[in-house]
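Structure assessment
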Amino acid sequence: MTAQKRIENAALTALTLVAGAIWIFPLYWAFVTSIRTENRVVSDQAGLLPDEFNLSAYHDALFNSSLVHWYVNSIGTSLIITAIVLLTGMMCAYAISQMNFPGRRLLYGVVLGSFMVPAQVLVVPQFMLMNDLGLINKWGGIILPQLVVPVVIIVYKQFFDAVPKEMKEAVVLDGGSDYTMLFKVYLPLNWGITTALAIITFISSWNAFLWPFLVITTEDMMTIPVGLTQVNDAFGVAYARLMSVALLGAAPVAIAYLIFQKRVTEAVMISSGVKG
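Just so we're clear, the structure is a prediction, and the values are computed from it rather than from any experiment. By convention here, each chain's residues receive numbers from 1 onward along its written sequence. Two thresholds apply to this predicted model, a pLDDT of at least 70 for residue-level local features and 80 or more for giving and counting side-chain atom pairs, whereas whole-chain, interface and lining totals are computed over all residues. In computing side-chain properties, one takes all heavy atoms of the structure into account and sets aside hydrogens as well as water.

Some remarks on the overall build of the protein
Put simply, the rule reads: Going along the chain from the N terminus, every DSSP run of H or I of four or more residues is numbered as a helix, and every run of E of two or more is numbered as a strand. With C-alpha atoms as the basis for the radius of gyration, the globule rule is written as 2.2 Å multiplied by the number of residues raised to the power 0.38. Exposure classes here rest on a 1.4 Å probe applied to the protein chains alone. A residue is buried below 20% of its type maximum, exposed above 50%, and partly exposed in between. Any two residues whose heavy atoms approach within 4.5 Å at even a single point are treated as in contact. We get accessible surface area from the Shrake-Rupley algorithm with a probe of 1.4 Å; when it comes to residues, only the shown protein chains can shield them. Asp and Glu are treated as the negative residues and Lys and Arg as the positive ones, with His and the ends of the chain left uncounted. Each charge is placed at NZ for Lys, CZ for Arg, CG for Asp and CD for Glu.
When helices and strands are tallied, the protein shows 15 helices and two strands. Against the compact-globule benchmark of 19 Å for 276 residues, the protein has a radius of gyration of 24 Å, which places it well outside the compact range. Considered along the principal axes of its C-alpha atoms, the protein spans approximately 75 × 70 × 35 Å. Here the protein holds 276 residues, and 34% of them are scored as buried. In the protein, of all internal contacts separated by at least 6 residues, the share reaching a separation of at least 24 is 70%. In the form shown here, the protein has an accessible surface area of approximately 16300 Å², with 69% of it arising from carbon and sulfur atoms. Both charge centroids of the protein, one from 15 positive and one from 16 negative side chains, sit 11 Å from each other.

See below:
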C-alpha cells in the first residue's frame, strides 16, 4: 500500500469516527440526562460526564406514566399497518404486473405520480375525511391514512416483472389461479424483499408523529411519539423523565435494527433506488 493510499484511508477513518461521534452524541446526552435527578439536570453544575446514577426517571416512566399503554398502541397500530400495506401492495403490484385490464397503465402512472405529492399536502383533506367518517380519535382514523405506501407497490412490481413468464404458464397449465400464483409461487420467492419491506414499514409507522398527533385527542389512544409530548409535570418539563421515555420508546426500533440490520439496509437501498 502506497503512502498516499494510507493517508487517504486514515483520513476516511477519521472522518467516519467524527461523523459517528456527532451522530451518537445526542443519544449519549439523553442517557446522561435520564440518570440524573431533575434538580441536577437544571443546575449549572451538570457536565458532559455522568456524575450520578439515578433510575427514578425510568421508574416514573414505567410505573407513573402511560408509557406501557403507549407501547401497546404503537405495537398494535404498527403491526396492523405493516400487514395491510404488504398484503394490499403485493396484490396491487401483481395485478399491474401480471394481469391485463383497462386502465392498468394509468393506475401505475398514478402510483408513480404519488411520489410528487408531499404527504403534508394531504393532511387537511385526510383530516376532513376522517372527521366526516367519525374516525377522529379512533383506531381507524390512525391506521387508514397510513395504508397507502407507493414504494411497496413499485418494489413488488419490479420483482414480478422479473419472474420468468414460463413459471406462470406452468401454474396455469396445472389449473392454478392468480391467487395460487401469488401466494404459493411468487411469495416464497420474494421472502427477502417482503421481510425488508416489512421492517422498514414497521419502523416508519412506529416513528410516525404528525398524523397521529393530529388525529389523537385523548392520552389513552396515543402512540409513543405522540405520548412524548405529554411527559411533563405541573412545574414544567421533566427533562430526565422525558429523556428516559424517549430512550425506552426508541429501544424496540433500535433492537429491531440491530437484529435485522442487513434487511433494513436492503430496504433502504431498495426504497432509495426506486425514488431516485
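Concerning a nonpolar patch on the surface
How we decide: Patches were defined on residues exceeding 30% relative accessible area and lacking a salt bridge, with like-charge contacts within 9 Å and nonpolar side-chain contacts (Val, Leu, Ile, Met, Phe, Trp, Tyr) within 5 Å. What counts as a salt bridge is simple: a side-chain nitrogen of Lys or Arg found within 4 Å of a carboxyl oxygen of Asp or Glu.
On the surface, F25, Y28, W29, L48 and L49 cluster together to form a nonpolar patch covering roughly 500 Å² of accessible area. Of note, L48 is situated in the loop between α2 (38–41) and α3 (56–63).

Brief notes about the pattern of salt bridges
Applying the stated criterion across every chain yields a total of one salt bridge. Measuring nitrogen to oxygen at the nearest pair gives 2.6 Å for the salt bridge that ties K157 to D161. Here the residue K157 and the residue D161 both occupy positions in helix α8 (residues 150–162), the gap between them amounting to four residues, near one helical turn. Accessibility expressed as a relative area gives 13% for K157, which makes it buried. Given a relative accessible area of 42%, D161 falls into the partly exposed group.

Some remarks on the packing of helix α4 (residues 67–98) against helix α11 (residues 191–207)
Keep this limit in mind: In this description, a line fitted to the C-alpha atoms serves as the axis of each element, helices being fitted only across the stretch in contact, and the angle between N-to-C directions of two axes falls anywhere from 0 to 180 degrees. Any angle between 65 and 115 degrees counts as roughly perpendicular, while under 35 counts as roughly parallel, over 145 as roughly antiparallel, and the rest as oblique. By the definition used in this description, the sense in which the near helix is turned from the far one sets the handedness, with an anticlockwise turn below a right angle giving left-handed and a clockwise turn giving right-handed. Any residue that is not Ala, Val, Leu, Ile, Met, Phe, Trp, Tyr, Cys, Pro, Asp, Glu, Lys or Arg is counted as polar, Gly included; the first ten are nonpolar and the last four charged.
Their axes nearest at 9 Å, the elements α4 and α11 cross at an angle of 140°. Put simply, α4 runs oblique to α11. Here the hand of the crossing between α4 and α11 comes out right-handed. Note on element contacts: α11 touches α4 through T194, L197, A198, T201, F202, S205 and W206, opposite Y71, S74, I75, S78, L79, I81, T82, V85, L86 and M90. Class assignment of the residues belonging to the contact of α4 with α11 gives a composition of eleven nonpolar, six polar and no charged.

A look at the side chain of T77
Defined as follows: In protein, a polar contact requires one atom able to donate a hydrogen and another able to accept it; more generally it is a pair of N or O atoms within 3.5 Å, and residues adjacent in sequence count only if both atoms are side-chain atoms.
Considering the arrangement of structural elements, one finds T77 in helix α4. T77 sits in the buried class, given a relative accessible area of 5%. From its side chain, T77 meets the backbone oxygen of N73 in a polar contact 2.8 Å long.

Quick word on the packing of aromatic side chains
What counts here: When the centres of two rings from Phe, Tyr and Trp lie within 6.5 Å, Trp using its six-membered ring, the rings pair. Their planes under 30 degrees apart give stacked, over 60 give edge-to-face, and anything left gives tilted.
Summed over the entire model, instances satisfying the criterion amount to nine aromatic pairs. Grouped by ring-pair contacts, the aromatic residues Y94, Y156, F159, F160 and Y186 constitute a single cluster.

Description of helix α14 (residues 239–259)
So the rule is basically this: An expected span of 1.5 Å times one less than the residue number is assigned to each helix. The reported bend at a residue is simply the angle between two axes, fitted to the 7 residues ending at it and to the 7 residues beginning with it.
Between the first and last C-alpha of α14 there are 30 Å, a value that for 21 residues agrees with the 30 Å anticipated at 1.5 Å per step. At A251, α14 is deflected by roughly 40°, the largest bend along its length, and proline P252 occurs up to four residues later in sequence. Taken as a whole, α14 has its buried residues at A240, S244, V245, L248, G249, V253 and A256. As for α14, its buried residues are in contact with α1 (3–34), α2, α3, α4, α11 and α13 (224–227).

Focus on unusual backbone geometry
Positioned with a positive phi, N137 is a non-glycine residue whose angle comes to about 60°. Residue position: N137 is located in the loop between α6 (123–132) and α7 (139–143).

Some remarks on the environment of F53
For F53, the position within the fold is in the loop between α2 and α3. On the basis of relative accessibility, which here comes to 60%, the residue F53 falls in the exposed class. Put simply, F53 and R105 are 52 residues apart on the chain and 61 Å apart in space, counted from C-alpha to C-alpha. Residue contacts for F53: discarding those within four places in its chain leaves F31 and I35.

Some details on the nonpolar core
A general feature of soluble globular proteins is that nonpolar side chains tend to end up buried together. Selection criterion: Among the buried residues, those of types Ala, Val, Leu, Ile, Met, Phe, Trp, Tyr and Cys that are joined through side-chain atoms within 4.5 Å form a nonpolar core.
Membership of the largest hydrophobic core comes to 27 residues, with the highest contact counts inside it found for V152, Y156, F160 and Y186. Of all elements in the fold, only α4, α5 (104–113), α8 and α10 (178–189) reach the threshold of two or more residues within this core. By residue number, the principal contributor to this core is α8, which donates eight residues. By size, the runner-up hydrophobic cluster in this structure holds 24 residues, among which are A61, I216, I224 and V226.

Some details on the side chain of S34
You can see S34 is positioned in helix α1. Judged by its relative accessible area of 0%, S34 falls in the buried class. In contact with S34, not counting residues within four places along its chain, are N54, A57, Y58, A240, M243, S244 and L247.

A short note on the confidence of the model for the protein
Note the threshold: Note on scores: pLDDT gives the predictor's confidence for each residue, bounded by 0 and 100.
Scored by pLDDT, the protein comes out at a mean of 82, with 91% of its residues at no less than 70. The least confident element of the protein is helix α15 (residues 261–275), whose mean pLDDT is 59; the most confident is α7, at 92.

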